[in-house]
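A closer look at the structure
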Amino acid sequence: MARVAWVAGQIDYDTTLRIQRAWVFPHGLQVGRQVLHYRNKDKYGRFRPCPCPEDGTSANRTWVIGEVAGIEGDTVTFAWFRAAGEYLMWGKAYWSECPPPTGDLLLQEDADEYRVRGFFRHNFAGWNDEFEIEWPEEVGALIPTHTFVVTVASHAAIADGKVRVALITMSGDKLEVQVDQGASAGALMEAVAIQRQLGASVRVCVMSSDGVVMERGSALPC
């Protein structure tokens, strides 16, 4: 299923506060599938160096990994695993684990602008399948990743310059993927991740038939 993303936010032209939130479903919106959540709060314009009144920071970005727990009508509930945040205090970034978001996602599109104390406030919400979440190294260090281990059982050249690679998981499941001849182990890892629909929180580990862990840049024995 195609990747989809729901993006919502608010721009307050009085306080110059801008908030954006996104829920990205890498393998489609289904119960049990992975969801990546991103939240960005910052100041803009000529008041950007000033701290936001709520928490004293000039930016507050959070990243969360979880899965879809339920879908009822236009309401989506989640089970969150881990969350990490970046706090920008006077131009310096601080990273730490943080609580996951609360509440459910209501899938109701919005594009509204209204006045508050003489200033305009703009709300927006809707599908945006082009949205991508930046995943900094600091976030990867704070949110542990799972490892999916496969062992190369056999390989054979096929048509169109491709190689069919047979793999076995730690639980004994068998799978096959195709890569280009001369491809690296990294290409094999990506092919496995796509076929098994593994998300950003999962690292693929490939072992040779003799039990040696293969580095991403190493050549496949085929």
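This write-up is about the structure you can find in this document.

Criteria and cut-off values
- Residues numbered from 1 in each chain as written.
- Predicted model: local features only at pLDDT ≥ 70, side-chain atom pairs only at ≥ 80, totals over all residues.
- Heavy atoms only, no water.
- Helix = DSSP H or I, 4+ residues; strand = E, 2+ residues; numbered from the N terminus.
- Buried < 20%, exposed > 50% of the residue type's maximum accessible area, 1.4 Å probe, protein only.
- Contact = heavy atoms within 4.5 Å.
- Areas by Shrake-Rupley, 256 points an atom, 1.4 Å probe, with all protein chains shown as cover.
- Core = buried A, V, L, I, M, F, W, Y, C linked by side-chain atoms within 4.5 Å.

1. Some thoughts on the overall build of the protein
In terms of regular secondary structure, the protein is built from two helices and 13 strands. For the protein, buried positions account for 40% of its 222 residues. Residue pairs in contact within the protein that sit at least 24 positions apart in sequence constitute 52% of those at least 6 positions apart. Carbon and sulfur atoms make up 52% of the accessible area of the protein, which amounts to about 12200 Å² in all.

2. Topic: the nonpolar core
One recurring pattern in soluble globular proteins is that nonpolar side chains are buried together. Counting 21 residues, the largest nonpolar core has Leu-167, Leu-188 and Val-192 as the members making the most contacts within it. Within the residue set of this core, elements represented by two or more residues are strand 10 (146-157), strand 11 (162-169), strand 12 (174-180), helix 2 (185-195) and strand 13 (202-207). Per-element tally for this core: the top contributor is helix 2, with six residues. Those residues in contact with Val-192, other than ones at most four positions away along the chain, are Phe-148, Val-150, Leu-167, Leu-175, Val-177 and Val-204.

3. Remarks on the environment of Cys-205
Along the chain, Cys-205 falls in strand 13. A relative accessible area of 10% means that Cys-205 is categorised as buried. Put simply, Cys-205 and Gly-186 are 19 residues apart on the chain and 9.5 Å apart in space, counted from C-alpha to C-alpha.

The analysis is restricted to geometry; functional conclusions fall outside its scope.
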